Amino acid sequence: MTLRTQSYWIRPPGPVESGLRIGLLGGSFNPAHEGHSHASDLAFKQLGLDYVWWLVSPQNPLKTTHGMAGFEKRLAGARMFNRHPRVIVTGIEDQLGTRFTIDTLRVLKRRFPQLHFVWLMGSDNLLQIPRWRNWQNIFANVPVAVIARPGTALAALSSKPATRFQSAYVPPNRHIAVMSPPAWTMIDVRRRNPSSATLLRQNGASRN
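Residues numbered from 1 in each chain as written. Predicted model: local features only at pLDDT ≥ 70, side-chain atom pairs only at ≥ 80, totals over all residues. Heavy atoms only, no water.

A. Structural context of the overall build of the protein chain. Each helix and strand counted, the protein chain has 9 helices and 6 strands in total. For the protein chain, the proportion of its 208 residues judged to be buried stands at 49%. Sequence-distant contacts in the protein chain: of pairs separated by 6 or more residues, those separated by 24 or more amount to 78%. If you sum the accessible surface of the protein chain, you get close to 10600 Å²; carbon and sulfur atoms cover 50% of it. (Helix = DSSP H or I, 4+ residues; strand = E, 2+ residues; numbered from the N terminus. Buried < 20%, exposed > 50% of the residue type's maximum accessible area, 1.4 Å probe, protein only. Contact = heavy atoms within 4.5 Å. Areas by Shrake-Rupley, 256 points an atom, 1.4 Å probe, with all protein chains shown as cover.)

In structure tokens, the structure reads:
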């Protein structure tokens, strides 16, 4: 992996006091929507996190650039959308020059060894994660919290990653951020948020 700059030169996007528990929610944010806020709120309430960083991806390697807004536009849009004082929207992956989640996690852990990171993802992405580069090493590097989403929660529980790391599953708790990986959990509530960037773009196009 070739980084655009030395990682120790990268300024932190938010407070980095020793021991802080940080959720990492990656994505294209094309655009940011209520599902991102919902996932962050659940993580705060059930996992005892101090902050959540929204990692706006310069370009998801698994997504086409067709219909993808520019990075700066998506980053600015996510910052405008976010209203939570402990959610920090950052384009740090663009500064680091990383494109794959496993590379980002390794660099962030090296740059901020005093922090405890948790990777946050929707149950729809748990079904897709075997397509990600070195996906098993993601579970080996940081605890993972999966937020149940409509239509994919049940399938996610019987997915390849869930089966592979079955013995590492723990109920949602406020200590997962300090657990030694692999450790993962699924956060579910009665009213799952159905928001989707794809649907938002489609609805926007249909109104034009």
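Still to come is the rest of the account.
B. Summary view of the layout of surface pockets. The calculated volume of the second largest pocket comes to roughly 170 Å³. Lining the second largest pocket are 14 residues, with Lys109, Leu115, His116, Phe117 and Ala177 sitting closest to its centre. Here the residues of the lining of the second largest pocket are counted per class, giving 10 nonpolar, 3 polar and 1 charged. (1 Å grid on protein atoms, 1.4 Å probe; cavity = no way out; pocket = protein on both sides within 12 Å on 5 of 7 lines; lining within 4 Å. Points joined across faces, edges and corners; volume = space filled by probe spheres on them. Nonpolar A, V, L, I, M, F, W, Y, C, P; charged D, E, K, R; others polar.)

C. Molecular detail of the pairing of strand β1 (residues 21-27). By the bridge criterion, 5 bridges tie β1 to strand β4 (residues 116-122) in an arrangement that is parallel. The residue bridging Ile22 from the neighbouring strand is Phe117, located in β4. Pairing between β1 and strand β2 (residues 51-56): 6 bridges, direction parallel. Within β2, the position partnered with Gly26 by the bridge is Leu55. (Pairing = 2+ DSSP bridges.)

D. Region of interest: the packing of aromatic side chains. Scanning the model with the defined rule gives 8 aromatic pairs in all. Ring geometry for Trp135 and Phe139: centres 6.2 Å apart, planes at 85°, overall edge-to-face. In this pair, Trp135 and Phe139 are both assigned in helix α6 (residues 135-141), 4 residues apart and thus about one turn of the helix distant. Exposure remark for Phe139: the relative accessible area of 1% places this residue in the buried category. (Phe/Tyr/Trp six-rings, centres within 6.5 Å; stacked < 30°, edge-to-face > 60°.)

E. Region of interest: helix α2 (residues 71-81). Residues of α2 that are buried: Phe71, Arg74, Leu75 and Ala78. Looking straight down α2, one finds its buried side chains confined to an arc of 100°; they lie on one side. Along α2, exposed side chains directed more than 90 degrees from the buried face belong to Glu72, Lys73 and Met80. For α2, the secondary structure elements touched by its buried residues are β2, β3 (87-90) and α3 (92-96). (Arc of directions from axis to C-beta.)

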